[in-house]
Every structure is written in structure tokens, then in C-alpha cells.
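Next come the chains, spelled out residue by residue.
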Amino acid sequence: QLMNVNYSGNLFNMNKLSLIVNDMYLLAYNVPNVISSNVLTMDKVLLTYDEAADRAALTPTDARYDGLYKNIAMVANIVLANADQASGDKKLLEQLKAEAYVLRSFMHFLLVNMYAKAYDPATATTDGGIPYVTDINFEKENAKVTVQEVYDKMLADIDAALAAEALPDRPKNSMRFGRGFAYALKAKILMSLRNYSGALEAVNNALAINNTLEDHRYLLSEPVRANRVLSRKGLTALDNLFYAFSNTFDPSLLTPTYEILKYYYEPGNIIKDYTNVYNYQYGMIYVGLPDIPAWIAISYEGNSAGMTVSDLVLMKAECLIRSNKLSAGMEEVEKIRIRRIAPEVYAPLVVKDATEAMAYLKKVSRIEFLFTWRNFVDVKRWNTEAAYAETINRTIGGKTYVLKPNSPIWILPFPQSATQFNTTLTQNY
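Fair warning: this is a prediction, and the values are worked out from it, not measured in the lab.

**Student:** Run through the overall build of the chain, naming residues and quoting values.
**Tutor:** The number of helices and strands found in the chain is 17 helices and eight strands. The C-alpha radius of gyration of the chain comes to 21 Å, within 12% of the 22 Å expected for a compact globule of 429 residues. With respect to the three principal axes, the spread of C-alpha positions in the chain is 60 × 50 × 40 Å. Of all 429 residues assigned to the chain, the portion counted as buried reaches 58%. Considering only contacts in the chain between residues 6 or more positions apart, those separated by 24 or more positions represent 73%. With an accessible surface of roughly 17700 Å², the chain has 52% of that area assigned to carbon and sulfur atoms. Of the charged side chains in the chain, 44 are positive and 45 negative; the average position of the first set lies 2 Å away from that of the second.

Rendered as C-alpha cells:
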């Protein structure tokens with residue numbers, strides 16, 4: 001029963017990441033009041049990109065950090081430590097071991113992307129990373145290792161999972177790991193390592209298992225259009241590779257920023273322009289900002305903390321663009337756009353070079369992965385390259401707050417609950 005984990009709740013509450021990357025504002029907090037308050041909180045620090053604040057002092061605990069490591073220690077590592085000695089169906093035991101390797105790799109992937117610098121081949125061997133926990137000795141102090149070591153170990157775990165040839169193509173439910181997700185995670189890791197040919201191979205292996213994309217065009221037909229209700233059954237959605245979410249209302253009650261609304265949504269976007277999802281009245285109530293809507297679609301169960309076929313398609317697009325196969329790369333981008341934009345408005349994009357193609361890909365990706373960890377991880381990854389780094393500007397009440405590509409804000413602080421017990425956990429910023 002160990003692998004039947006309910007991947008939800010605070011463990012995968014990635015709202016702080018969406019706040020940093022400027023996808024959203026606070027959840028049900030008056031933004032102007034938070035900014036003007038004399039009380040320094042983490043919310044205020046992240047809203048204003050205050051690099052001078054002592055963020056570690058403002059982080060006594062961190063449910064994400066604790067929860068991800070708990071899954072590593074209490075689920076993945078317990079399975080791996082005991083499966084070979086367990087009695088029962090050996091085929092099932094091999095499958096559980098493979099799932100545990102995937103789980104351990106994925107949990108560390110999220111942790112290293114939150115609490116360390118993005119992978120940079122020029123500095124990864126010396127950049128401070130995170131502890132990579134592979135045992136169940138709860139008295140042991142697991143030392144922090146370098147970013148390079150973390151990525152090497154994540155890749156080794158994924159390769160071990162795939163080499164076992166025990167993962168099913170279709171898991172018993174989408175909160176279990178199958179081959180499709182394993183290949184998708186391998187591709188994510190290789191993208192960070194800038195191994196685009198390897199990532200493309202992994203993506204194609206995953207797409208051979210599942211290539212079903214979520215399609216919003218059904219909302220434009222009768223009688224659906226009359227109600228314009230966006231819905232998605234999270235656990236059974238056909239585009240899932242692995243399903244995990246942050247809270248009961250995910251992504252409802254979240255509020256996109258002025259910049260997202262102005263610069264990233266394309267004209268004719270079906271969700272923004274053809275449904276009742278965005279409610280401007282509620283947005284004003286939630287965050288105290290004029291002309292900001294709240295996402296109100298309780299029947300839409302988003303996959304904010306897992307991965308879907310959209311991840312595969314956009315990774316494939318980027319790999320092709322980076323190998324200068326612009327036409328093929330943009331064909332992948334269009335697979336997303338044609339399902340997101342009303343037919344009477346949709347027109348294929350035309351690009352002249354890789355720089356322009358990447359700019360379009362980044363724009364499409366930002367809306368596709370709005371309110372998820374993927375935007376934080378992708379933008380942080382792109383920020384390691386001068387050609388694709390971007391400075392984020394957030395304007396609230398006439399004042400602009402700036403987040404530079406190399407800002408320490410991109411690296412979350414280790415919580416005091418961890419640093420006081422592990423002396424190797426010096427902050428990575």
C-alpha cells in the first residue's frame with residue numbers, strides 16, 4: 001500500500017513559486033495592504049522582490065520541504081530497502097521498486113529546483129545543492145551535495161527504473177508512476193543538463209505511450225457554449241502522465257497578474273475570452289486590485305503538481321528549435337495553440353529564426369502551465385542562458401518591482417526546522 005500515496009495538499013502547494021515568477025498574486029490576501037504593512041512577511045518579500053530581507057529568518061518551517069523529503073524517506077526508500085527481501089509476487093515487487101526510483105528522482109527534482117541554483121554546466125560541480133537521501137537511517141545527517149551530484153543521482157534513479165522494464169504503460173491510476181511519466185521526468189532532467197538530443201529521445205518514447213492533449217474547443221460547441229463551464233476530472237483526465245495537485249480548489253481562487261493578462265494570453269484564448277472561468281468581481285474581492293479576475297472553475301481539477309502530455313509536446317518543441325529544426329518545432333507549438341484559441345481567431349505563427357521561435361514557445365508555455373511549478377522551473381532554467389534570460393517586472397499601484405535573472409529570490413531558503421538539525425544546510429543564495 002506504500003505507493004498509494006495521495007499526492008495533494010501542502011506537499012504540492014506551489015503558490016509561492018507562481019508568486020515569484022509573477023504568474024499570480026497572493027491567495028485571498030489584499031495585495032495593497034500586504035505591501036503597505038509595516039509587518040515584514042514572506043508574502044511581502046516575494047510580492048516586492050525584496051532581496052535585502054532575511055528570508056531564512058522568515059522561514060521557521062516549510063511544508064513543501066518536509067513533505068517532499070518525507071515521501072522520499074517514508075515511501076521511496078522504504079520500498080527500495082525492503083522489496084528484495086519481501087515475499088510475494090516478484091513481478092509486482094519489481095514494479096514497486098521501479099516506481100520508488102521514479103518517486104525518489106521526482107521529489108529530488110522538485111527540491112533541487114526550489115532550494116538551489118538552476119543547473120549551469122559552468123558552475124554545477126561547485127554550486128550547493130540539496131541532500132540526496134537514499135537510506136532509511138533517520139538518525140543520520142544527510143549532507144548537502146552539489147547540484148551536479150543531485151542531477152547525476154536523479155538520472156541514475158530514472159535509468160534504474162526504466163532498465164527494470166517493470167513500469168506499466170498505463171498505471172492502475174494516474175497517481176501511480178508509469179513508463180510515460182518516467183520518460184517525461186528523464187526528459188525534464190536532460191533539458192536542464194542541456195542534453196537536448198537525449199531529452200528528445202525520452203520525449204518521443206513517452207509520446208509513443210500517450211499523446212492525448214487536452215482540448216478546449218469543445219467549449220465552443222452547443223450546448224456547452226451556453227453555459228461555458230470548463231471542467232476536467234483530474235484523476236481520470238486522459239492527458240495525465242502523473243496527477244498531483246496542491247489543494248481542493250486547484251486552480252480555482254487563484255488570480256493572474258496584470259502582466260500575464262496583458263502580455264501572455266493570446267487573443268481568442270478560449271478560457272480567457274469564451275468561458276466564465278475568469279470572474280473580475282471575485283478577483284477584486286480576493287486581492288484588492290482593480291481589473292484582476294479570479295479563476296472560478298471548481299469543476300476544473302488541474303494537474304498543477306504532476307505532468308501531462310502538454311509537457312511532452314512543449315519539451316519536444318524546444319528540443320527541435322534548439323537543433324534549428326524550426327518548422328518541426330513550431331508544429332509542436334501549434335498542437336497546443338490550435339486547441340487553446342478559437343478557430344475564427346487562430347492563425348499559425350511564422351518565425352524567422354530560433355530566437356523568435358523560442359520567444360513564442362516561452363509565451364505559449366507560460367499560459368499552458370499557469371499556476372504550476374513548471375513555469376518557475378522553466379523560467380529559472382532559461383535564466384541560466386544570456387540569450388533567453390528575462391527580467392520580470394511586476395507593477396502594482398503605479399510602482400514596479402523587478403526580479404532579475406540572477407536574483408537570490410529564485411532560490412528558496414532552507415527552513416530553520418531543517419538547518420538547526422543539519423549543519424551542512426547552508427543557504428544556497
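That covers the picture; the talk isn't over yet.
**Student:** Kindly report on the packing of helix α7 (residues 179-192) against helix α13 (residues 309-322), identifying the contributing residues and their values.
**Tutor:** Remark: α7 packs on α13, axes separated minimally by 11 Å, with the N-to-C direction vectors making an angle of 35 degrees. Handedness of the α7/α13 crossing: left-handed. Where α7 approaches α13, its residues Ala 184, Ala 187, Lys 188 and Met 191 are matched on the opposing element by Asp 311, Leu 312, Met 315, Glu 318 and Cys 319. Considering only residue class, the contact of α7 with α13 consists of six nonpolar, no polar and three charged.

**Student:** Which residues make up a nonpolar patch on the surface, and what values do they have?
**Tutor:** There is a patch of nonpolar side chains on the surface, built from Met 74, Ile 136 and Phe 138 and spanning about 270 Å² of accessible area. Turning to its location among the elements, Met 74 is positioned in helix α4 (residues 63-82).

**Student:** Quick rundown of the packing of aromatic side chains? Include the residues and the values.
**Tutor:** Across all of its chains, the model carries 20 aromatic pairs by this definition. Ring centres of Tyr 65 and Phe 414 lie 5.9 Å apart, and the angle between their planes is 75 degrees; on these two criteria the pair is classed as edge-to-face. One end of the pair, Tyr 65, is in helix α4; the other, Phe 414, is in the loop between β8 (399-403) and α17 (416-419), and 349 residues separate them in sequence. A relative accessible area of 6% means that Tyr 65 is categorised as buried. The exposure class of Phe 414 is buried, given its relative accessible area of 0%.

**Student:** Talk me through the nonpolar core; I want residue IDs and the actual numbers.
**Tutor:** The biggest cluster of nonpolar side chains holds 141 residues, and the ones touching the most others in it are Phe 12, Trp 295 and Trp 373. Looking at this core element by element, the count peaks at twelve residues for helix α5 (residues 90-115). Excluding residues that lie within four positions of it along the chain, Trp 373 makes contacts with Met 14, Leu 17, Phe 106, Phe 109, Leu 110, Lys 188, Ser 304, Ala 305, Gly 306 and Met 307.

**Student:** Pulling in residues and values, what's your account of the pairing of strand β7 (residues 392-396)?
**Tutor:** Two faces make up the sheet, and in a regular strand the side chains alternate between them. Residue alternation in β7 divides its side chains into a buried set, Ile 392, Arg 394 and Ile 396, and an unburied set, Asn 393 and Thr 395. Pairing of β7 with β8 involves five bridges; the strand directions are antiparallel. Residue pairing in the sheet places Ile 396 in a bridge with Lys 399 of β8. If you look at the hairpin formed by β7 and β8, you'll find two residues sitting between the two strands, and Gly 397 has a positive phi there, around 60 degrees.

**Student:** Can you explain the pattern of salt bridges? Please cite residues and give values.
**Tutor:** Scanning all chains against the criterion turns up 29 salt bridges. Here Asp 311 and Arg 374 are joined by a salt bridge, their closest N and O atoms 3.1 Å apart. Placement of the pair is Asp 311 in helix α13 and Arg 374 in helix α16 (residues 373-382), with a sequence separation of 63 residues. For the pair formed by Asp 311 and Arg 374, the shared burial category is buried. The salt bridge partner of Arg 381 is Asp 378, with a shortest N-O separation of 3.4 Å. Linking Arg 381 with Asp 378, this pair stays in helix α16, spanning three residues, or about one helical turn. The pair Arg 381 / Asp 378 is uniform in exposure class, with both members buried.

Calculation rules
- Residues numbered from 1 in each chain as written.
- Predicted model: local features only at pLDDT ≥ 70, side-chain atom pairs only at ≥ 80, totals over all residues.
- Heavy atoms only, no water.
- Helix = DSSP H or I, 4+ residues; strand = E, 2+ residues; numbered from the N terminus.
- Rg over C-alpha atoms; globule rule 2.2 N^0.38 Å.
- Buried < 20%, exposed > 50% of the residue type's maximum accessible area, 1.4 Å probe, protein only.
- Contact = heavy atoms within 4.5 Å.
- Areas by Shrake-Rupley, 256 points an atom, 1.4 Å probe, with all protein chains shown as cover.
- Lys, Arg positive; Asp, Glu negative; His and termini not counted.
- Charge placed at Lys NZ, Arg CZ, Asp CG, Glu CD.
- Axes fitted to C-alpha atoms, helices over the stretch in contact; angles between N-to-C directions.
- Left-handed = near helix turned anticlockwise from the far one by under 90°.
- Nonpolar A, V, L, I, M, F, W, Y, C, P; charged D, E, K, R; others polar.
- Patch = residues over 30% accessible without salt bridge, like charges linked within 9 Å, V, L, I, M, F, W, Y side chains within 5 Å.
- Salt bridge = Lys/Arg side-chain N within 4 Å of Asp/Glu carboxyl O.
- Phe/Tyr/Trp six-rings, centres within 6.5 Å; stacked < 30°, edge-to-face > 60°.
- Core = buried A, V, L, I, M, F, W, Y, C linked by side-chain atoms within 4.5 Å.
- Pairing = 2+ DSSP bridges.

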